[in-house]
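Here is how the chains run, residue by residue.
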Amino acid sequence: KQLREDARGCQACPLWANATQTVFGAGDPHARVMLVGEQPGDEEDKKGLPFVGPAGRLLDRALEAAGVDRNDLYVTNAVKHFKWQLRGKRRLHKTPAQREVDACRQWLEREIAAVKPRVIVALGATAARSVISKDFKVTTMRGRFVESSLAPCVFATFHPSALLRLRDEAEKEAAFEQLVGDLGLIKMALGRP
Ligand code: URA
C-alpha cells in the first residue's frame, strides 16, 4: 500500500505527463509468484490496474489452461505509465525506451523486495530485459529457468500481446500452447503437480 502511494506521483521519466495515472502492481501482496509485463495499455491506464485489457484477457485464458489461479499471483509491469501515440482517435501503444525501463526499475525492485516471490515470470522482451538481462531473447530463451538474485526461480515467456498480433491462426494456436506450457512451470517451481 505504501509503495503504491509512493509511486503515485513518480516523475522519474517523462511518461507520467501523458498518462492518466501510475498503474502499480496488483494481486496477492504475499504471492509466491510475480508476473511482470511491459507497461499498462489503454484500458489499464484508464482503470489503474495491470492486465485488464485484451492482453490481460488472453493471459487469464492461458493461466486457466495452465491450471494457475490469478488470485494467487501478484501481477505488475516493468514500466508503470502508459506510453502511447495518437493514431486517429486511438492511443496506440509505444514500446518504452530502455531509459524509461531503467527509471521505473526502482519500483519493480521495491515490489520484489516487499512481495518476496519465489518465482518471477517476465512476460515479453521489455520485462525480460528489466528482470533478466539486456540481451535476453524471448524467442530462443523462453521457458528456461535463469540464475538470478531477484528470486529462486526466474524465467521468461511470450508477452500475451505478441500473440494478439499474430495473424496466422495456426501460428497463434501454437504460440498459445507454448505460453500455457511455460506458465505451467510456475506449478513446477512451487513444487505442485
Ligand atoms: N500489457 C502489459 O504489458 N501490461 C499490462 O498491464 C497490459 C498490457
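In what follows, the structure referred to is the one given above.
Conventions adopted
Every residue gets a number counted from 1 within its own chain, in the order that chain's sequence is written. Predicted model: local features are reported for residues with pLDDT of at least 70 only, side-chain atom pairs are reported and counted for 80 or more only, and whole-chain, interface and lining totals are derived from all residues. Neither water nor hydrogens contribute to the side-chain values; these are computed over all heavy atoms in the structure. Following DSSP output, two strands are said to pair if at least two bridges run between them. To qualify as a helix, a DSSP run of H or I must reach at least 4 residues; to qualify as a strand, a run of E must reach at least 2; elements of each kind are numbered from the N terminus. We call two residues contacting when some pair of their heavy atoms lies within 4.5 Å. Here an axis means a line fitted to C-alpha atoms, over the contact stretch when the element is a helix, while the angle between two N-to-C directions is reported on a 0 to 180 degree scale. Residues qualify for a patch when their relative accessible area is over 30% and they have no salt bridge, like charges being joined within 9 Å and the nonpolar side chains of Val, Leu, Ile, Met, Phe, Trp and Tyr within 5 Å. Computed with a 1.4 Å probe, the accessible areas rest on the Shrake-Rupley method; for each residue, only the protein chains presented here act as cover. Here, a salt bridge means any Lys or Arg side-chain nitrogen found within 4 Å of an Asp or Glu carboxyl oxygen. Under the counting rule used here, the positive set is Lys and Arg, the negative set is Asp and Glu, and His together with the chain ends is not counted. To locate a charge, take atom NZ for lysine, CZ for arginine, CG for aspartate or CD for glutamate. Partly exposed residues are those whose accessible area sits between 20% and 50% of the maximum for their type, while under 20% is buried and over 50% is exposed, using a 1.4 Å probe and protein chains only. Expected helix span is computed as 1.5 Å times (number of residues minus one). Think of the arc as the fan of directions from the helix axis to the C-beta atoms.

Undergrad: Got a minute to help me understand the sheet that holds strand β7 (residues 153–157) in this structure?
TA: The strands making up a sheet associate through backbone hydrogen bonding, with each pair oriented either parallel or antiparallel. Strand order in the open sheet formed by five strands is β1-β3-β2-β6-β7, and the pairing between neighbours is mixed. Each edge of the open sheet carries a strand with a single partner, namely β1 (26–27) and β7. Relative to β7, strand β6 (residues 119–123) is paired through five bridges, and the arrangement is parallel. Bridging across to β7, valine 121 finds its partner in phenylalanine 155. Of the strands in this sheet, β2 (33–37), β6 and β7 touch helix α8 (residues 169–189), which is tilted by about 170 degrees from β7.

Undergrad: How do you make sense of a negative patch on the surface when you look at a structure like this?
TA: Taken together, Asp168, Glu169, Glu171, Glu173 and Glu177 make up a surface patch of like negative charges. Of note, glutamate 169 is situated in helix α8. Taking relative accessible area as the criterion, glutamate 169 reaches 55% and is therefore assigned exposed.

Undergrad: I tried to follow helix α3 (residues 54–66) on my own but got confused; where do I start?
TA: Each α-helix winds once per 3.6 residues, and so residues spaced three or four apart point in a common direction. Spanning 13 residues, α3 covers 19 Å between terminal C-alpha atoms, matching the ideal 18 Å at 1.5 Å per step. Looking only at α3, the buried set comprises Ala55, Gly56, Leu58, Leu59, Ala62, Leu63 and Ala66. Buried residues of α3 fall within an arc of 160 degrees about the axis and therefore sit on the same side. Facing away from the buried side of α3, by more than 90 degrees, are the exposed residues Arg61 and Glu64. On its buried face, α3 sits against β2, β3 (73–77), β6, α7 (160–165) and α8. In the stretch just after α3, glycine 67 is the one whose phi turns positive, near 80 degrees.

Undergrad: Quick question: what am I supposed to make of unusual backbone geometry here?
TA: Peptide bonds are trans in most cases, and residues, glycine excluded, mostly fall at negative phi. One non-glycine residue, phenylalanine 51, adopts positive backbone phi at about 50 degrees. On the basis of relative accessibility, which here comes to 6%, the residue phenylalanine 51 falls in the buried class. The backbone of lysine 116 shows a phi angle near 50 degrees, a positive value even though the residue is not glycine. Here lysine 116 is to be found in the loop between α4 (98–115) and β6. Overall, the relative accessible area of 62% leaves lysine 116 in the exposed class.

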